[in-house]
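# Breakdown of the fold
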Amino acid sequence: MREMAAEEAVAFLSAGTRTGHLATVRDDGRPHVAPIWFVVEGDHLVFTTWHESVKGHNLRRAGRAAISVDDARPPYSFVVVEGEVGIDDDVAEARRVATVIGGRYMGADRAEEFGARNGVAGELVVRLAMDRVIARAGVSD
């Protein structure tokens, strides 16, 4: 196993259609984990969530989160990102981000459709700063 360089970790996070697993903390201290689709923009992981979702509530209250992303194929690799979150409720930005995410996960031919469906009032844009990154490649080597 080896540590990934920063650029390698960003490339790993940006490659393909890996699902992230977002960890937040509920009001009572219990953990909450939810699968998310995301994109990398600069030094942030960016995703959307509904304003009334458990993760939306937790993110607004705590202002911090972590995301784990892995490659489940040998020799196995993973990246964990921890950091502060910024939240934006601008509908135009939600549509832009949802369209970019749709292009990544659904394909370019369905990006606009995904953006229109998910870039609506009530959808929040979340930017998770890559404050702490743990990235390992070749876990089984």
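None of these values were measured; they are calculated from a predicted model. (Residues numbered from 1 in each chain as written. Predicted model: local features only at pLDDT ≥ 70, side-chain atom pairs only at ≥ 80, totals over all residues. Heavy atoms only, no water.)

So, about the packing of helix H3 (residues 91–106) against helix H4 (residues 111–118). Remark: H3 packs on H4, axes separated minimally by 7 Å, with the N-to-C direction vectors making an angle of 135 degrees. Classified by the angle between their axes, H3 and H4 sit oblique to one another. Here H3 and H4 pass one another in a crossing that is right-handed. Counted together, Arg-95, Ala-98, Thr-99, Ile-101, Gly-102, Gly-103 and Met-106 of H3 and Ala-111, Glu-112, Phe-114, Gly-115, Ala-116 and Asn-118 of H4 form the full contact between these two elements. The class makeup of the residues in the contact of H3 with H4 is six nonpolar, five polar and two charged. (Axes fitted to C-alpha atoms, helices over the stretch in contact; angles between N-to-C directions. Helix = DSSP H or I, 4+ residues; strand = E, 2+ residues; numbered from the N terminus. Parallel < 35°, antiparallel > 145°, perpendicular 65-115°, else oblique. Left-handed = near helix turned anticlockwise from the far one by under 90°. Contact = heavy atoms within 4.5 Å. Nonpolar A, V, L, I, M, F, W, Y, C, P; charged D, E, K, R; others polar.)

Moving on, we come to the pattern of salt bridges. Scanning the entire structure with this criterion turns up 11 salt bridges. In this structure, the salt-bridge partner of Glu-84 is Arg-64, at a minimum N-O distance of 3.8 Å. Highlighted residues: Glu-84 in strand E7 (residues 77–88) and Arg-64 in strand E6 (residues 64–71), separated in sequence by 20 residues. Here Asp-71 ties to Arg-73 by a salt bridge, and the two come within 3.0 Å at their closest N and O atoms. For Asp-71, a relative accessible area of 14% corresponds to the buried category. Among the residues examined, Arg-73 registers a relative accessible area of 54% and is labelled exposed. Several salt bridges share partner residues, and in doing so they unite Glu-41, Glu-93, Arg-96 and Arg-127 into one network. (Salt bridge = Lys/Arg side-chain N within 4 Å of Asp/Glu carboxyl O. Buried < 20%, exposed > 50% of the residue type's maximum accessible area, 1.4 Å probe, protein only.)

The values reported here are purely geometric and, on their own, carry no functional implication.
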